[in-house]
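The chain contents come next:
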Amino acid sequence: MKEKRVHAPIPIVSFKPLTHPAEIIKSIERSDIEGANVVLINMPLRETARPNTTPEGPLLLVTNLQQNYGVNATIIDLNVYRIKDELAKKRFLKWGRHLTYGEVFSLIQRHITFHGEPALVGFSGKITTLKWQEEVAKIIRQIIPDTFLVSGGGLATELKTDLFTYIPELDGVAHSEGDDVIIKIVYDAKVIKEKGIRQALSDGKLQPYCLGEINGRHRFMYEGNRPRDLNALPYADL
């Protein structure tokens, strides 16, 4: 029988309105995060339907990171895969099946081998992707245990710090629009990778989003907001 993991409840955090992330990232120069490796993973949706939606949100973030900050940002779109094989036929899946968790493990491993170990792995997904995020988080910790792991999108915006209870492997949760705050997330991830969490905290580099140590891991709650200047953001590079 599979052992059930038991974790202490995440303390309720009182959220106060923070400074708009556009103000926080003003001090972050291109040179501060240039060259960082970042992978955003888009979770699967509706196995019974054709994959007809591009991962627009992650694409916008990745394009901004690449073009304006020189970040080596890539996307793994797990939703694009519909495998037509005997297993799909047995399950009457007209358009094919999702990847299995084992296939996802191999795909992520190949991606990292080709592109390099990332300082940051980010998840994107709706509320219906909770189970997928739980499993992919475990996969990430097996392949790259020390990477900075953050979840964003509809699920993160809805659950906020409660998501740490469901996915204890997470370092951070990012709610609301991520166009500005993603710059700070990459900055934090790069600083932690280079200096270590203790030194980064001591240097004051991880303010204002670090909540402190919870259940043996330092947790971060990133508060996004509407971009102040949409014209400053590049179109998603398909």
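Because the structure is predicted, anything quoted here is derived from the model rather than measured.

### Considering the side chain of R82
Part 1 of the reasoning: Its place among the elements puts R82 in the loop between strand 2 (72–77) and helix 4 (86–90).
Part 2 of the reasoning: A distance of 3.3 Å separates a polar atom in the side chain of R82 from the backbone oxygen of R46.
Part 3 of the reasoning: Apart from residues no more than four positions distant in its own chain, R82 is found in contact with L45, R46, E47, A49, P51, W95, G96, R97 and H98.

### A word on unusual backbone geometry
Part 1 of the reasoning: Cis geometry is found at the peptide bond from Q207 to P208, where omega equals 5°.
Part 2 of the reasoning: Inspection of the secondary structure puts P208 in the loop between helix 10 (197–202) and strand 6 (210–214).
Part 3 of the reasoning: Not every positive phi belongs to a glycine, and K160 is a case in point at roughly 50°.
Part 4 of the reasoning: Of note, K160 is situated in the loop between helix 7 (154–159) and helix 8 (163–166).
Part 5 of the reasoning: The residue S176 is not glycine, and still its phi comes out positive at about 70°.
Part 6 of the reasoning: One can find S176 in the loop between strand 5 (172–175) and helix 9 (181–195).
Part 7 of the reasoning: Classification of S176 by relative accessible area gives partly exposed; the value is 33%.

### Some points on the side chain of H218
Part 1 of the reasoning: Assignment of secondary structure puts H218 in strand 7 (residues 217–223).
Part 2 of the reasoning: Residue H218 is classed as buried on the basis of its relative accessible area, which comes to 11%.

### Considering the pairing of strand 7
Part 1 of the reasoning: The buried fraction of strand 7 is high, at six of seven residues.
Part 2 of the reasoning: Note: strand 5 against strand 7, four bridges, orientation parallel. Counterpart to V173 in the pairing with strand 7 is M221.
Part 3 of the reasoning: Where strand 6 meets strand 7, four bridges bridge the pair, whose relative direction is antiparallel. Across the sheet, residue G212 finds its bridge partner in strand 7, namely R219.
Part 4 of the reasoning: Hairpin connection, strand 6 to strand 7: the antiparallel pair is bridged by two residues, and N215 has positive phi, about 55°.

### What to know about helix 5 (residues 101–115)
Part 1 of the reasoning: The terminal C-alpha atoms of helix 5 lie 21 Å apart, and with 15 residues this matches the ideal 21 Å at 1.5 Å per residue to within 8%.
Part 2 of the reasoning: Listed as buried for helix 5 are V104, L107, I108, H111 and I112. Taken down its axis, helix 5 places every buried residue within 130° of arc, on the same side. For helix 5, the exposed residues lying more than 90 degrees away from the buried face are R110, T113 and F114.
Part 3 of the reasoning: Tucked inside the fold, the buried residues of helix 5 contact strand 1 (37–42), strand 2 and helix 6 (130–143).

### Observations regarding the sheet that holds strand 1
Part 1 of the reasoning: The sheet built from seven strands is open, its strands ordered 2-1-3-4-5-7-6 with mixed pairing. At either end of the open sheet lies a strand with only one pairing partner, and these are strand 2 and strand 6. Along the sheet, successive strands turn relative to each other by an average axial angle of 20°, direction set aside.
Part 2 of the reasoning: Packing against the sheet, helix 5 makes contact with strand 1 and strand 2, and its axis sits at approximately 160° to strand 2.
Part 3 of the reasoning: Packing against the sheet, helix 9 makes contact with strand 1, strand 3 (120–124), strand 4 (148–152), strand 5 and strand 7, and its axis sits at approximately 160° to strand 7.

### Here's the deal with the nonpolar core
Part 1 of the reasoning: By size, the foremost hydrophobic cluster in this structure holds 33 residues, and its most contacted members are V71, L120, F148, I185 and V186.
Part 2 of the reasoning: Elements that contribute at least two residues to this core include exactly strand 1, helix 3 (56–69), strand 4, helix 9 and strand 7.
Part 3 of the reasoning: In terms of residue count, the dominant contributor to this core is helix 9 (nine residues).
Part 4 of the reasoning: When near neighbours in sequence (up to four residues on either side) are disregarded, F148 contacts A119, L120, V121, D171, I185, A189, I192, F220 and Y222.
Part 5 of the reasoning: V39, L163, F164 and V173 belong to the second-largest nonpolar core, a separate cluster that totals 28 residues.

### Points about the pairing of strand 3
Part 1 of the reasoning: A large share of strand 3 lies buried, amounting to five of its five residues.
Part 2 of the reasoning: Taking every second residue as pointing to the same face, both faces of strand 3 are buried, with L120, G122 and S124 on one and V121 and F123 on the other.
Part 3 of the reasoning: Relative to strand 3, strand 1 runs parallel, the two being bridged by five bridges. Residue V39 lies in a different strand from strand 3, and its bridge partner there is V121.
Part 4 of the reasoning: Pairing between strand 3 and strand 4: five bridges, direction parallel. Paired with S124 across the strands is G152, a residue of strand 4.
Part 5 of the reasoning: Each parallel crossover has a hand, and for strand 3 linked through helix 6 to strand 4 it is right-handed.

Conventions used here
Residues numbered from 1 in each chain as written. Predicted model: local features only at pLDDT ≥ 70, side-chain atom pairs only at ≥ 80, totals over all residues. Heavy atoms only, no water. Helix = DSSP H or I, 4+ residues; strand = E, 2+ residues; numbered from the N terminus. Polar contact = N/O pair within 3.5 Å; in protein donor to acceptor, adjacent residues only side chain to side chain. Contact = heavy atoms within 4.5 Å. Buried < 20%, exposed > 50% of the residue type's maximum accessible area, 1.4 Å probe, protein only. Pairing = 2+ DSSP bridges. Expected span 1.5 Å × (residues − 1). Arc of directions from axis to C-beta. Axes fitted to C-alpha atoms, helices over the stretch in contact; angles between N-to-C directions. Core = buried A, V, L, I, M, F, W, Y, C linked by side-chain atoms within 4.5 Å. Right-handed = clockwise from strand over helix to strand, strands pointing away.

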